[in-house]
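Here is how the chains run, residue by residue.
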Amino acid sequence: MTTPPPPPAASSGARPTPPPSTFQKLLRAQRVWDVELPGFDPASAPAAPLPLFHAWFAEAVAAGQAEPHTMGLATVAEDGGPDVRTVMLHDADGHGWHFASHATSRKGRQLAARPEAALHFYWAAQARQIRIRGRVVTAPHTESLADLHARSTGALAAALVGHQSEVLHSTPELAAASETAWERAQAEPDADAPTWTLYVLDPLEAEFFQGDARRRHVRLRYRKTEQAGAASGARWTKELLWP
């Protein structure tokens, strides 16, 4: 007669720690801010965020930061959850931070339903990041086109293709549409793209983060305390945040 195996020992409730995976080992081997970091004295910061943004952007370019004009754009999705993607900054002036897209795109529809967003810049070359959030308004179509026509032929061709965020049935379909759009953009540099829209985020809050090798990061937040219709005419409260 075969002896049955003993019953399994009662579990203590603690799960055994699995060995680190290959991915975890690779992840943990990465260095953070393996460069000489700049200092940042928040006491010397200007009264409003825009001049500091301009200064930090110029310093990021001088430090060799790749594509410092790209940023994360977070919007509110149709189901109420968050949605985010990387887009290009077109300007930052007294009206706010500018970016563009098709009004019929996913982000365009989300902004039409709930015109508020957050921006995020990360410049690893100096361990700096900037977070901005606020209300979003659309510029007149004439301004949207002027912004588009000031850019490259490729940018105009991409706008003329349209159909952003729609389901694509095949890559040959995209290739054909792109070729047609390129031909038109070269022949008509002032061509209209009816749904192309310039958006402007009017900031309510902006945070500037300077990383520190000993993790004593400097975080300076600006909060708008008086609405004036333009970023340069608003009054701001500055406050430090714990890292």
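Anyway, here's the lowdown on the structure attached to this text. (Residues numbered from 1 in each chain as written. Predicted model: local features only at pLDDT ≥ 70, side-chain atom pairs only at ≥ 80, totals over all residues. Heavy atoms only, no water.)

The subject of this paragraph is the overall build of the protein chain. What the protein chain contains, in helices and strands, is 6 helices and 9 strands. Over its C-alpha trace the protein chain gives a radius of gyration of 24 Å, far above what one expects of a compact globule, namely 18 Å for 243 residues. Seen through its principal axes, the protein chain has C-alpha atoms that stretch 90 × 55 × 35 Å. Restricting the contact set of the protein chain to residue pairs at least 6 apart, pairs at least 24 apart contribute 64%. As displayed, the protein chain offers around 14,900 Å² of accessible surface, 56% of which is attributable to carbon and sulfur atoms. The protein chain carries 24 positive and 26 negative side-chain charges, and their two centres are separated by 13 Å. (Helix = DSSP H or I, 4+ residues; strand = E, 2+ residues; numbered from the N terminus. Rg over C-alpha atoms; globule rule 2.2 N^0.38 Å. Contact = heavy atoms within 4.5 Å. Areas by Shrake-Rupley, 256 points an atom, 1.4 Å probe, with all protein chains shown as cover. Lys, Arg positive; Asp, Glu negative; His and termini not counted. Charge placed at Lys NZ, Arg CZ, Asp CG, Glu CD.)

Before going further, it helps to examine helix H2 (residues 49-62). The end-to-end C-alpha separation of H2 is 20 Å, in line with the 20 Å expected for 14 residues at 1.5 Å each. Among all positions in H2, only Pro-49, Leu-50, Leu-52, Phe-53, Trp-56 and Ala-60 are buried. The buried residues of H2 occupy an angular sector of 155° when projected down its axis, which confines them to one face. (Expected span 1.5 Å × (residues − 1). Buried < 20%, exposed > 50% of the residue type's maximum accessible area, 1.4 Å probe, protein only. Arc of directions from axis to C-beta.)

This next bit is on the packing of aromatic side chains. Think of a pair of aromatic rings as described by two things: how far the centres are apart, and how the planes are tilted against each other in angle. Summed over the entire model, instances satisfying the criterion amount to 12 aromatic pairs. Note on Trp-56 and Phe-208: the rings are 5.3 Å apart at their centroids and 90° apart in plane angle, and the pair reads as edge-to-face. Here Trp-56 is found in helix H2, whereas its partner Phe-208 is found in strand S7 (residues 196-210), with 152 residues between them in sequence. Residues Trp-56 and Phe-208 agree in their burial class; the two are buried. Feature note: the residues Phe-40, Trp-56, Phe-208, Tyr-222 and Trp-236 constitute an aromatic cluster, connected by ring pairs. (Phe/Tyr/Trp six-rings, centres within 6.5 Å; stacked < 30°, edge-to-face > 60°.)

Bear in mind that shape data such as this cannot, by itself, settle questions of function.
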